[in-house]
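# Commentary on secondary and tertiary structure
What follows is each chain in one-letter form.
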Amino acid sequence: MSELKVGIISCSGEECLGGTISRLATRIVLDELKMISTVTLCLPLYLAGGEEERNFAKVFPTIAVDGCDKLCVKRSTEKYSGKINGSIDVSKIIGKENALNTKTVRIKDLTEEHIPMVEEVASEIVKMIGSLPADSYSGKTFRGCSCGG
Amino acid sequence: MDKKVKVIPCSGIGKVYGLIAREAALKTVFDLLPEKSETMCLAYIVTGDKEAKEKIEGFDCITVDGCPKMCASKNVSLAGGNVIEEVKVLDTVKEHKGKKFGSPTQLDADGELVMDEIAAKIAKKINELN
């Protein structure tokens, strides 16, 4: 039986809230979505030349989650692994002003008002996974993300 | 010319150590030394965009990595940043054997403790430069 896997790459942008929201939403999907095996591709490792990560994105459907409209993850992933299957711009979901908030970036600074933002982005990721053609998320050879960080 | 030291973490999303790196870098630039330090999105640095190049090439950077793959350091170097210090989260973690630090989304009390120690080390290094 072939594996059902989808890769999610999050920007984790350090300069603004959008990166924090993208990171948390991605983790929710990874930790809670049970029907399909989701794998996070560690972006820094991917960018630094991680062959497993780059090969994964070539073989399995991969979704980029970007915190702002610079779309760094989408552009980088397509540069090294070819066209991706989905792209989420968090700023379009939570609003550009929120996404580009440079004051509230740390996890400890998040408040109740940010929880719905995280949940909404996670919901969009799940919707995008659900919209992938069923035959697109099977693969047999990838051994998993090697990220240690 | 902007002479703030750039503190750039890996923000690895797979384990708690990436979060410790991220939070330590942010604590440094927000709380400890906002006048002397700043951060940049790692993903943006490596896009090769003109604006990103102008902000990173030749600038002094301290990288903070959550695992031995040293991805933040590698990426900053590839982008032309001048890595003056490589901070390794695991070096500090080793001093707290047996502790639980939290998850990739939330630091526990010991995770906060380690993060604070790392932020202090980064700040010390920056202060030594100035």
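Residues numbered from 1 in each chain as written. Chains lettered and ligands numbered in written order. Predicted model: local features only at pLDDT ≥ 70, side-chain atom pairs only at ≥ 80, totals over all residues.

### Considering the interface of chain A and chain B
With 30 residues of chain A in contact, the opposing surface of chain B contributes 34 residues. Counting only elements with at least two residues in the side of chain A that touches chain B, the list comes to helix H1 (17–32), helix H2 (43–47) and helix H4 (72–81) of chain A. Counting residues per element, the side of chain A that touches chain B draws most heavily on H1 of chain A, at five residues. The residue inventory of the side of chain A that touches chain B, partitioned by class, reads 14 nonpolar, nine polar and seven charged. (Contact = placed C-beta atoms within 7 Å. Helix = DSSP H or I, 4+ residues; strand = E, 2+ residues; numbered from the N terminus. Nonpolar A, V, L, I, M, F, W, Y, C, P; charged D, E, K, R; others polar.)

### Quick look at the packing of helix H3 (residues 51–59) of chain A against H4 of chain A
Residues and elements named next belong to chain A. Viewed as axis vectors pointing N to C, H3 and H4 meet at an angle of 85°, and their least axial separation amounts to 9 Å. Judged on the interaxial angle alone, H4 and H3 are roughly perpendicular. In contact with Arg54, Ala57 and Lys58 of H3, H4 contributes Thr77, Tyr80 and Ser81. Of the residues assigned to the contact of H3 with H4, the class counts are two nonpolar, two polar and two charged. (Axes fitted to C-alpha atoms, helices over the stretch in contact; angles between N-to-C directions. Parallel < 35°, antiparallel > 145°, perpendicular 65-115°, else oblique.)

### Regarding the pairing of strand E3 (residues 62–66) of chain A
Residues and elements named next belong to chain A. Counting buried positions along E3 gives five out of five residues, so the element sits mostly inside the fold. What you see with E3 is no split at all: Thr62, Ala64 and Asp66 on one side and Ile63 and Val65 on the other are buried throughout. Here E3 pairs with strand E4 (residues 86–89) via four bridges, running parallel. Note that in E4 the partner of valine 65 across the bridge is isoleucine 88. Since E3 and E4 lie parallel, the crossover through H4 that links them has a hand, and here it is right-handed. (Buried ≥ 20, exposed ≤ 12 C-beta atoms within 10 Å, placed from the backbone. Pairing = 2+ DSSP bridges. Right-handed = clockwise from strand over helix to strand, strands pointing away.)

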